[in-house]
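# Summary of structural features
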Amino acid sequence: MTYEIKTIAIVGAGVIGAGWAARCLHRGINVIVTDLSADAERGMREVVANAEVSLNNLSLAPRREKGTLTFTTNLAEAVSQADFVQENAPEREDLKRNLLAEISKHVGPEVIIASSSSGLLPSRIQVDCINPERVIIGHPFNPVYLLPLVEVLGGELTDNKFVEQAMEFYTSIGMHALKVRKEIEGYISDRLQEALWRESLHMVADGVATTDEIDQAVIYGPGLRWAFMGTCLTFHLAGGEQGMRHMLEQFGPALELPWTKLKAPELTDQLIDRMVEGTQEQAEGYSIRDLEKLRDNCLVSIMQSLRSYDYASGSTLKKDEERQYADTSGSTSWSASDDLSQPLELHTDKVHPEWVDYNGHMTESRYLQVFGDASDALYQYVGVDAEYHANGNSYYTVETHINNILEIGAHEPLKVTTQLLGLDNKRLHFIHNMYNAKDDSLLATAEQMVLHVDTNAAKACSAKPEVLEILQKIMDAHTSLPKPERRSREMAVPAPKG
């Protein structure tokens, strides 16, 4: 980021405000939450605690130190300390207009004031603000700490630089910032949701379907496609090889048929009763917290699955993880002044509570994760970074030998050293030693052979000269180091022929 957000003020401690707090805290940002009701703090902290489990499961990227969370009923006290303000008051134009004007009195002229409004026009709620040019809409989706979409737009008085800065900030905390190009009520996503919602109300009112049947029609059919392809591209595929044009030629006439009723039905007592009864029946046996956990687990699984295809929300997660690895790897680029006379120390971490098993010790898979992070730190150090990968080059692991030596519990500090053992233009052989950073006791070793690959051609190739030059300097220095005691006798780079 070109500017740094260290502290964010969350105005309103409801579901949306608590979601913003959870996301920002997890990314190391200090959060000050303010609400008129002191009772709101309890529910907010429950949501934050509940969210942490899912946030930890969502990504394997290295953890940052969590931000600090404070609560106050004093609005001025909260926002005056903030580098960014996210307002989450009820969806009433007069309320938001007055609240944003009050916030603007207590923050610096360059501090962005973002409203989580789901449909109000920013031009109408910014007019009474001091420096209204920094007032924007940042419309998230529940749960804010997991769903990546945030719609961003400004009003007539908004300076576009603040829209761009807000998008940059939202992206830095793992979100997909979508710029709404034209100021319109409901923005983009809520207008689409509203159309489906109104049609659902009509079908319940007319006795066509129950709430459960309507949800089944989405969950088991189009909803799965919408999660990764949306409506337009799905319909493009429906046209076969000729795409959208054929689809419109074939199905376009149906748009004139009275299939849907976009005008909202009258919200009668009978319709309200049907909606309430139907959803209560669907939720029978589950508390709200149970349903939140179930929803979160499903969302984590979907996004992690899509990550392997680098597509849709999985692509957002993948790119964000790459940024996190780069930011928290602990390694810097190689410098000619670096001391290479000892094994490299490029990666540190700690044993996070969710890494331990029923015996209270770090699980086997987490040992591999830490060693994988150490390998990534080595690659970053020698120049195998995101740009290198984008150009179609990478190192792939061919073989790994792990020796587990000592156990370690939650919260203990870790450090990993790396020693090169062999090198040619395609292969790299090294060993990691993992230590308890408190007493330098050796916990485990991982010996790895990796192969340089042209990812576009899916075949081995020589590493780039600039990478090989750095690796050779390290290899030359490490050749004089003592051979590791736990080195495998079977794994080695063959000696040059002739």
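Now for a quick tour of the structure. (Residues numbered from 1 in each chain as written. Predicted model: local features only at pLDDT ≥ 70, side-chain atom pairs only at ≥ 80, totals over all residues. Heavy atoms only, no water.)

### Structural notes on the overall build of the chain
Let me state the cut-off plainly: Helix and strand assignments come from DSSP, with helices taken as H or I runs of at least 4 residues and strands as E runs of at least 2, each series counted from the N terminus. Burial here depends on accessible area, computed with a 1.4 Å probe over protein chains only, as a share of the maximum for the residue type. Under 20% is buried, over 50% is exposed, and the range in between is partly exposed. Any two residues whose heavy atoms approach within 4.5 Å at even a single point are treated as in contact. A 1.4 Å probe and the Shrake-Rupley method give the accessible areas. Residues count as covered only by the protein chains that appear here.
Helix and strand content of the chain: 17 helices and 14 strands. C-alpha atoms of the chain, sized along the principal axes, occupy 85 × 60 × 45 Å. For the chain, the residues scored as buried account for 45% of the 498 residues in total. In the chain, the proportion of contacts linking residues at least 24 apart, taken out of those at least 6 apart, comes to 73%. Summed over all atoms, the accessible surface of the chain reaches about 26,100 Å², with 53% contributed by carbon and sulfur.

### Describing the sheet that holds strand β6 (residues 135–139)
Condition: Two strands pair under a simple rule: DSSP has to find at least two bridges between them. Orientation is described by axes fitted as lines to C-alpha atoms, over the contacting stretch for helices, and by angles from 0 to 180 degrees between their N-to-C directions.
One open sheet accounts for eight strands, arranged β3-β2-β1-β4-β5-β6-β7-β8; its pairing is mixed. Among the strands making up the open sheet, the edge pair consists of β3 (69–72) and β8 (176–179). Going from strand to strand, the sheet's axes swing by 25 degrees on average, the running direction of each strand aside. Direction of pairing for strand β2 (residues 30–34) relative to β3: parallel, over a ladder of four bridges. Within β3, the residue paired with Thr 34 across the bridge is Thr 72.

### A look at the environment of Gly 43
Structurally, Gly 43 is set in helix α2 (residues 40–58). For Gly 43, a relative accessible area of 22% corresponds to the partly exposed category. C-alpha of Gly 43 to C-alpha of Gly 14: the two residues are 29 residues apart in sequence and 7.8 Å apart in space.

### Thoughts on a nonpolar patch on the surface
Keep this limit in mind: Nonpolar side chains (Val, Leu, Ile, Met, Phe, Trp, Tyr) are joined into patches within 5 Å and like charges within 9 Å, using only residues with over 30% relative accessible area and no salt bridge. Note on definitions: salt bridges are taken to be side-chain nitrogens of Lys or Arg within 4 Å of carboxyl oxygens of Asp or Glu.
On the surface, a cluster of nonpolar side chains totalling about 410 Å² of accessible area is made up of Phe 228, Leu 233, Tyr 309 and Tyr 311. The topology assignment puts Phe 228 in the loop between α9 (222–226) and α10 (230–238).

### With respect to the packing of aromatic side chains
Condition: Only centres within 6.5 Å qualify two rings of Phe, Tyr or Trp (six-membered ring in Trp) as a pair; their planes then separate them into stacked at under 30 degrees, edge-to-face at over 60, and tilted for everything else. Distance and angle both matter: a charge sits over a ring if NZ of Lys or CZ of Arg is within 6 Å of the ring centre and within 35 degrees of the ring normal.
Going through the model one piece at a time under the given rule, you end up with five aromatic pairs. Seen from their ring centres, Phe 84 and Tyr 170 are 5.8 Å apart, and the 75 degrees between their planes marks the pair as edge-to-face. Taken as a pair, Phe 84 in strand β4 (residues 84–87) and Tyr 170 in helix α6 (residues 160–172) lie far apart in primary sequence, 86 residues in all. With respect to class, Phe 84 is no different from Tyr 170; both count as buried. Taking the centre distance of 5.7 Å and the plane angle of 15 degrees together, the rings of Tyr 379 and Tyr 395 count as stacked. Of the two residues, Tyr 379 is situated in helix α15 (residues 364–382) and Tyr 395 in strand β10 (residues 393–404); the sequence distance between them amounts to 16 residues. Tyr 395 sits in the buried class, given a relative accessible area of 6%. By the ring-pair criterion, three or more aromatic residues cluster together here, those being Trp 20, Phe 84, Phe 169 and Tyr 170. Here the basic side chain of Lys 415 rests over the ring of Tyr 435, its NZ or CZ set 5.8 Å away from the ring centre.

### Remarks on the nonpolar core
The tendency in soluble globular proteins is for nonpolar side chains to be buried side by side. Under the convention used in this document: Buried Ala, Val, Leu, Ile, Met, Phe, Trp, Tyr and Cys residues that are joined via side-chain atoms within 4.5 Å together make up what is termed a nonpolar core.
Membership of the largest hydrophobic core comes to 44 residues, with the highest contact counts inside it found for Val 31, Val 33, Phe 84, Val 152, Phe 169 and Tyr 170. The residues touching Val 33, leaving out its near neighbours within four places in the chain, are Ile 10, Ala 13, Ala 21, Met 44, Leu 69, Thr 70, Phe 71 and Thr 72. Of all hydrophobic cores here, the second largest spans 23 residues; its members include Leu 378, Leu 428, Phe 430 and Val 450.

### Overview of helix α1 (residues 15–26)
Since the α-helix advances by 3.6 residues per turn, residues separated by three or four positions end up pointing in the same direction. Stated precisely, the cut-off is as follows: Expected helix span is given by 1.5 Å per residue-to-residue step, counting one fewer step than there are residues.
Between its first and last C-alpha, α1 extends 17 Å over 12 residues, near the 16 Å set by a 1.5 Å rise per residue. Regarding α1, the residues found buried are Gly 17, Ala 18, Gly 19, Trp 20, Ala 21, Ala 22, Arg 23, Cys 24, Leu 25 and His 26.

### Section: the pairing of strand β11 (residues 413–423)
Counting buried residues in β11 gives 10 out of 11 residues, a clear majority hidden from the surface. Two elements, strand β9 (residues 344–350) and β11, share six bridges in a ladder whose sense is antiparallel. Bridging across to β11, Glu 345 finds its partner in Thr 417. Inspection of the sheet shows β11 paired to strand β12 (residues 427–436) by nine bridges, in the antiparallel sense. Opposite Gly 422, over in β12, you have His 429 as the bridge partner. Adjacent in sequence and paired antiparallel, β11 and β12 are bridged by three residues.

### Things to note about the pairing of strand β7 (residues 149–154)
Short version of the rule: A crossover gets the label right-handed when its path from the first strand over the helix to the second runs clockwise, viewed with the strands pointing away from the viewer.
Relative to β7, β6 is paired through four bridges, and the arrangement is antiparallel. If you follow Ile 137 over to β7, its bridge partner there is Leu 153. Alignment of β7 against β8, held across four bridges, turns out to be parallel. Residue pairing for β8: Val 150 is matched across the bridge by Ala 177. Crossover β7 to β8 through α6 is right-handed.

### Re a negative patch on the surface
Inclusion rule: We treat Lys and Arg as the positive residues and Asp and Glu as the negative residues; His and chain ends play no part in the count. For this purpose, a charge sits on NZ of Lys, CZ of Arg, CG of Asp or CD of Glu.
Taken together, the side chains of Asp 212, Glu 213, Asp 215, Glu 281 and Glu 284 define an acidic patch exposed on the protein surface. If you tally residues by element for the negative patch, the top one is helix α8 (residues 211–219), at three residues. Mapped onto the elements, Glu 284 comes out in the loop between α12 (269–282) and α13 (288–307).

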